[in-house]
Amino acid sequence: MGFSLYEINAQIEQAWSAAVDPETGEIISEEAAQAIEQLSMARDEKVENLALYYKNLMAEAEALKAEKQTLAARQSAAEKKAESIKKYLAASMNGEKYKSEKVAISWRKSESVSVDANAFLPEEYVTLREPIPNLTAIKKALKAGEQIDGATLVASNNIQIK
């Protein structure tokens, strides 16, 4: 059957209405009862296929994540090596220009600010950050029975597909 899980569930509800007497609970339509069985099998197949598709996508995502980490490590190593070569050239060239058909080395002046880590700066030169709740500590405190205004422990039911 080419129905969605939602459509199959709706058809099962309709079949139950047709198959069972609401007052006695007896099966009044054998055909509707068979339809329920077929729909239940179709539903089980649809659920299994969706869960397997989910598992395949998660396996692919994990493989892509591993490849991304490998590429990120290679990128980082190449960037560090390039920066090391750049520093070596800067120290060796000591401000001297160089130009060939394939490459040019030049210099430009720049300014930057250096601030001592222990310096006391006036307020207008300091950017303050908003406080961020420590959710891990709050959860631990709530589980220990503490009352925290504005914080509650919320239970949820999360699907797991293995």
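Here, every reference points to the structure presented above.
Below: a short report on this structure. Remember, predicted model here, so these are calculated numbers, not experimental data. (Residues numbered from 1 in each chain as written. Predicted model: local features only at pLDDT ≥ 70, side-chain atom pairs only at ≥ 80, totals over all residues. Heavy atoms only, no water.)

**Quick word on the overall build of the protein chain**
- Secondary structure assignment for the protein chain yields 3 helices and 2 strands.
- Secondary structure elements of the protein chain occur, N-terminal to C-terminal, as α-α-β-β-α.
- In summary, the protein chain has a C-alpha radius of gyration of 33 Å against a globular reference of 15 Å for 162 residues, an excess of more than 25%.
- For the protein chain, the residues scored as buried account for 9% of the 162 residues in total.
- Long-range pairs, those at least 24 residues apart, make up 34% of the contacts in the protein chain between residues at least 6 apart in sequence.
- For the protein chain, the exposed surface amounts to about 15,400 Å²; the carbon and sulfur share of it is 53%.
- Across the protein chain, the mean location of the 20 positive side-chain charges is 20 Å away from that of the 25 negative side-chain charges. (Helix = DSSP H or I, 4+ residues; strand = E, 2+ residues; numbered from the N terminus. Rg over C-alpha atoms; globule rule 2.2 N^0.38 Å. Buried < 20%, exposed > 50% of the residue type's maximum accessible area, 1.4 Å probe, protein only. Contact = heavy atoms within 4.5 Å. Areas by Shrake-Rupley, 256 points an atom, 1.4 Å probe, with all protein chains shown as cover. Lys, Arg positive; Asp, Glu negative; His and termini not counted. Charge placed at Lys NZ, Arg CZ, Asp CG, Glu CD.)

**Observations regarding unusual backbone geometry**
- Despite not being glycine, Asn94 shows a phi value in the positive range, around 50°.
- Tracing the backbone shows Asn94 in the loop between α2 (30-93) and β1 (98-99).

**Quick notes on the nonpolar core**
- One finds Ile8, Ile12, Ala15, Ala19, Val20, Ala32, Ile36, Leu39 and Ala42 forming the largest nonpolar core, which totals 9 residues.
- Elements represented by at least two residues in this core include exactly α1 (5-19) and α2.
- Dropping the residues within four chain positions of it, Ile12 is found in contact with Leu39, Ser40 and Arg43. (Core = buried A, V, L, I, M, F, W, Y, C linked by side-chain atoms within 4.5 Å.)

**Things to note about the packing of α1 against α2**
- α2 packs onto α1 with a crossing angle of 160° between their chain directions and a minimal axis gap of 9 Å. What the angle tells us is that α1 and α2 run roughly antiparallel. Note that α1 runs across α2; the crossing there is left-handed. Residues Leu5, Ile8, Asn9, Gln11, Ile12, Ala15, Trp16, Ala18 and Ala19 of α1 lie in contact with α2, whose contacting residues are Ala32, Ala33, Ile36, Leu39, Ser40, Ala42, Arg43, Lys46, Val47 and Leu50.
- The residue makeup of the contact of α1 with α2, split by class, is 14 nonpolar, 3 polar and 2 charged. (Axes fitted to C-alpha atoms, helices over the stretch in contact; angles between N-to-C directions. Parallel < 35°, antiparallel > 145°, perpendicular 65-115°, else oblique. Left-handed = near helix turned anticlockwise from the far one by under 90°. Nonpolar A, V, L, I, M, F, W, Y, C, P; charged D, E, K, R; others polar.)

**With respect to a nonpolar patch on the surface**
- The grouping of Val113, Val115, Leu121, Tyr125, Val126 and Leu128 at the surface amounts to a nonpolar patch, some 650 Å² of accessible area in total.
- Checked against the element boundaries, Leu128 lands in the loop between β2 (104-105) and α3 (135-143). (Patch = residues over 30% accessible without salt bridge, like charges linked within 9 Å, V, L, I, M, F, W, Y side chains within 5 Å. Salt bridge = Lys/Arg side-chain N within 4 Å of Asp/Glu carboxyl O.)

**Section: α2**
- With 64 residues, α2 should reach 94 Å at 1.5 Å per residue; the first-to-last C-alpha distance of 92 Å fits that figure.
- Residues of α2 that are buried: Ala32, Ala33, Ile36, Leu39, Ala42 and Met93.
- Packed against the buried residues of α2 are α1, β1 and β2.
- Phi turns positive one or two residues past the end of α2, at Asn94, with a value near 50°. (Expected span 1.5 Å × (residues − 1).)

**Description of the environment of Ile12**
- With respect to the helices and strands, the residue Ile12 is situated in helix α1.
- Ile12 gets classed as buried once you look at its relative accessible area, which sits at 11%.
- A C-alpha to C-alpha distance of 5.7 Å links Ile12 and Ile36, two positions 24 residues apart in sequence.

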